[in-house]
Amino acid sequence: MSEDRTGETNGGRSFEERVFVRFDALDNRLRSVDARLDSVEAGLGKVEARLEVLEAKTYDTKPIWERALAEFASLRET
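Reading the values: rules and limits
- Residues numbered from 1 in each chain as written.
- Predicted model: local features only at pLDDT ≥ 70, side-chain atom pairs only at ≥ 80, totals over all residues.
- Heavy atoms only, no water.
- Salt bridge = Lys/Arg side-chain N within 4 Å of Asp/Glu carboxyl O.
- Helix = DSSP H or I, 4+ residues; strand = E, 2+ residues; numbered from the N terminus.
- Buried < 20%, exposed > 50% of the residue type's maximum accessible area, 1.4 Å probe, protein only.
- Patch = residues over 30% accessible without salt bridge, like charges linked within 9 Å, V, L, I, M, F, W, Y side chains within 5 Å.
- Areas by Shrake-Rupley, 256 points an atom, 1.4 Å probe, with all protein chains shown as cover.

Further remarks concern the pattern of salt bridges. Side chains that carry opposite charge are capable of pairing whenever their charged atoms lie near each other. All told, the structure shown has one salt bridge when counted by the stated rule. Across the pair Asp 27 and Arg 31 runs a salt bridge, and its minimum N-O distance is 3.0 Å. Of the two residues, Asp 27 and Arg 31 both sit in helix α2 (residues 15–77), four residues apart, roughly one turn of that helix. Residue class for Asp 27 comes out partly exposed when judged on its relative accessible area of 33%.

Structural data, given as structure tokens:
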């Protein structure tokens, strides 16, 4: 009964090898998450650029809108 059966449970790898395999898996997972975050950042940058264009257009049309409101107001007065 003094057989050492622990070698069967760890697949013949040493503790250090198993730890390094887990660290490698964790490192790969973090790289994947990092790549996905980079993709999200790029997408948000595109959205921000489009929003700036839309905001610029609202400033361009503001004087037109103000003139239209003034004309409506003058029509009500007559």
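The discussion continues.
Attention now moves to a nonpolar patch on the surface. On the surface, Phe 20, Phe 23, Leu 26 and Leu 30 cluster together into a nonpolar patch covering about 440 Å² of accessible area. Following the sequence through the fold, Leu 26 ends up in helix α2.

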